[in-house]
Amino acid sequence: MIKNISALIILCVLLTGADYLGAKKLERSKAVMGQTLQITVFEGDPSRGSVSVVVEQAFDVALNIEKLISPTDPDGIIYRVRAAKAGDSFNLEQDIFALVRDGLKVSRISDGALDITSGSLRGIWSEAMEKAQPPAKEVVEPALPKEGYQHIHLDELSRKLTVDKEGIVLDLNILAKGYILDRVAGFLKDNGVRSAVVDFGGNTRLVGMSNEGRAWRVGIEHPRIVDQYSLVLELEDERAI
């Protein structure tokens, strides 16, 4: 059943287009993490200032998180943890703390099926995919001891991260897209945006009510009949799609 639903969503087009009936106040997009982050605002609070300024500040929130998790930035947590010695600790900025906290939670729940310390292996497999052949055993084996979320310890009161092994490579990208989507939507709402859609690489987050002042409606376009929907859902509150 789940596979059938997934196939339907892949074959059809998930739309919020039915709600785009009113005039858009603003639509902007920027590249973040190699994907398109698009913000469409329908209604803002005039007393809170320019919607355009708020949207640009929302992009800055996303770009700042991208910088914080960059593996090549010497000031970023990925770079510093990779160069750390066993026992080294790091004070975390709020966004990185939230990503590491949630990442460790998911790593534990999944028993390591999703592991935020899999950065070294992920890099090896990314290179192998470009070459269209599996990585050699002698390349994979040295990376295996560097993986293991159990080697990351987080003090939630002090927001301090400690590693107990050298060479750990964090991979926060696996959670970052969803986190950025929520942070941008939250920033818009906190700064007077009453109705908006935020899309990031095919993931969508709704802000407030639709531009018609009612709940959002989301339609799956019919695969064979033009301008008709196979299914329309009315969402009672803000959702992510």
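Note that the coordinates shown come from a computational prediction; the quantities given were computed from them, not determined experimentally. (Residues numbered from 1 in each chain as written. Predicted model: local features only at pLDDT ≥ 70, side-chain atom pairs only at ≥ 80, totals over all residues. Heavy atoms only, no water.)

With respect to the overall build of the protein chain
So, step 1. The secondary structure content of the protein chain amounts to 7 helices and 10 strands.
So, step 2. Here the protein chain holds 241 residues, and the buried ones make up 39% of them.
So, step 3. Sequence-distant contacts in the protein chain: of pairs separated by 6 or more residues, those separated by 24 or more amount to 60%.
So, step 4. As presented, the protein chain carries roughly 13600 Å² of accessible surface, and 52% of it is formed by carbon and sulfur atoms. (Helix = DSSP H or I, 4+ residues; strand = E, 2+ residues; numbered from the N terminus. Buried < 20%, exposed > 50% of the residue type's maximum accessible area, 1.4 Å probe, protein only. Contact = heavy atoms within 4.5 Å. Areas by Shrake-Rupley, 256 points an atom, 1.4 Å probe, with all protein chains shown as cover.)

Observations regarding unusual backbone geometry
So, step 1. In this model, Asp-111 sits at a positive phi of 55°, which is unusual for a non-glycine residue.
So, step 2. Asp-111 sits in the exposed class, given a relative accessible area of 64%.
So, step 3. For Arg-159, which is not a glycine, the phi torsion comes out positive at approximately 55°.
So, step 4. Assessed through its relative accessible area of 31%, Arg-159 is described here as partly exposed.

Describing the confidence of the model for the protein chain
So, step 1. With 88% of its residues at a pLDDT of 70 or more, the protein chain has an overall mean of 84.
So, step 2. Ranking the elements of the protein chain by mean pLDDT puts helix H1 (residues 2-11) last, at 40, and strand S6 (residues 160-163) first, at 95.
So, step 3. Of the regions scoring below 50 in pLDDT, residues 1-22 engages in 32 contacts with residues more than four places distant in sequence or in other chains. (pLDDT = per-residue confidence, 0-100.)

Here we look at the environment of Lys-177
So, step 1. Take Lys-177: it is sitting in helix H7 (residues 173-190).
So, step 2. Lys-177 gets classed as partly exposed once you look at its relative accessible area, which sits at 22%.
So, step 3. Taking the C-alpha atoms as reference, Lys-177 lies 8.3 Å from Gly-201; in sequence the two are 24 residues apart.
So, step 4. Dropping the residues within four chain positions of it, Lys-177 is found in contact with Gln-35, Phe-200, Gly-201 and Asn-203.

Remarks on the pattern of salt bridges
So, step 1. Scanning the entire structure with this criterion turns up 8 salt bridges.
So, step 2. Measuring nitrogen to oxygen at the nearest pair gives 3.1 Å for the salt bridge that ties Asp-102 to Arg-101.
So, step 3. Between Lys-137 and Glu-141 there is a salt bridge, with the nearest N and O atoms lying 3.8 Å from each other.
So, step 4. Residue classification places Glu-141 among the partly exposed positions, given a relative accessible area of 43%. (Salt bridge = Lys/Arg side-chain N within 4 Å of Asp/Glu carboxyl O.)

Observations concerning the packing of aromatic side chains
So, step 1. Going through the model one piece at a time under the given rule, you end up with 1 aromatic pair.
So, step 2. Measuring from ring centre to ring centre gives 6.3 Å for Phe-42 and Trp-216, while their planes differ by 55°; the resulting arrangement is tilted. With Phe-42 in strand S3 (residues 35-44) and Trp-216 in strand S9 (residues 216-221), this pair connects stretches of sequence that are 174 residues apart.
So, step 3. Residue classification places Trp-216 among the buried positions, given a relative accessible area of 1%. (Phe/Tyr/Trp six-rings, centres within 6.5 Å; stacked < 30°, edge-to-face > 60°.)

Considering the side chain of Ser-118
So, step 1. Mapped onto the elements, Ser-118 comes out in the loop between helix H4 (94-109) and helix H5 (119-131).
So, step 2. Not counting residues within four places of it along the chain, the set of residues in contact with Ser-118 comprises Glu-147, Val-169 and Asp-171.

With respect to the sheet that holds strand S8 (residues 203-208)
So, step 1. Strand order in this open sheet of 4 strands is S2-S3-S7-S8, and the pairing throughout is antiparallel. Strands at the two margins of the open sheet, each flanked by one partner only, are strand S2 (26-32) and S8. Taken pair by pair, the neighbouring strands of this sheet meet at an average axis angle of 15°, ignoring direction.
So, step 2. Along the sheet, helix H2 (residues 51-68) makes contact with S2, S3 and strand S7 (193-200), crossing S2 at roughly 15°.
So, step 3. Across the sheet, H7 is in contact with S2, S3, S7 and S8; its angle to S7 comes to roughly 160°. (Pairing = 2+ DSSP bridges. Axes fitted to C-alpha atoms, helices over the stretch in contact; angles between N-to-C directions.)

As for the packing of H2 against H7
So, step 1. Two elements in contact, H2 and H7, have axes whose closest approach is 9 Å; the angle formed by their N-to-C orientations is 150°. Taken as axis vectors, H2 and H7 run roughly antiparallel relative to one another. In the crossing of H2 with H7, the sense of the turn from one axis to the other is right-handed. Contacts from Val-54, Val-55, Gln-57, Ala-58, Val-61, Ala-62 and Ile-65 in H2 reach Tyr-179, Ile-180, Arg-183, Val-184, Phe-187 and Leu-188 in H7.
So, step 2. Residues of the contact of H2 with H7, tallied by class, amount to 11 nonpolar, 1 polar and 1 charged. (Parallel < 35°, antiparallel > 145°, perpendicular 65-115°, else oblique. Left-handed = near helix turned anticlockwise from the far one by under 90°. Nonpolar A, V, L, I, M, F, W, Y, C, P; charged D, E, K, R; others polar.)

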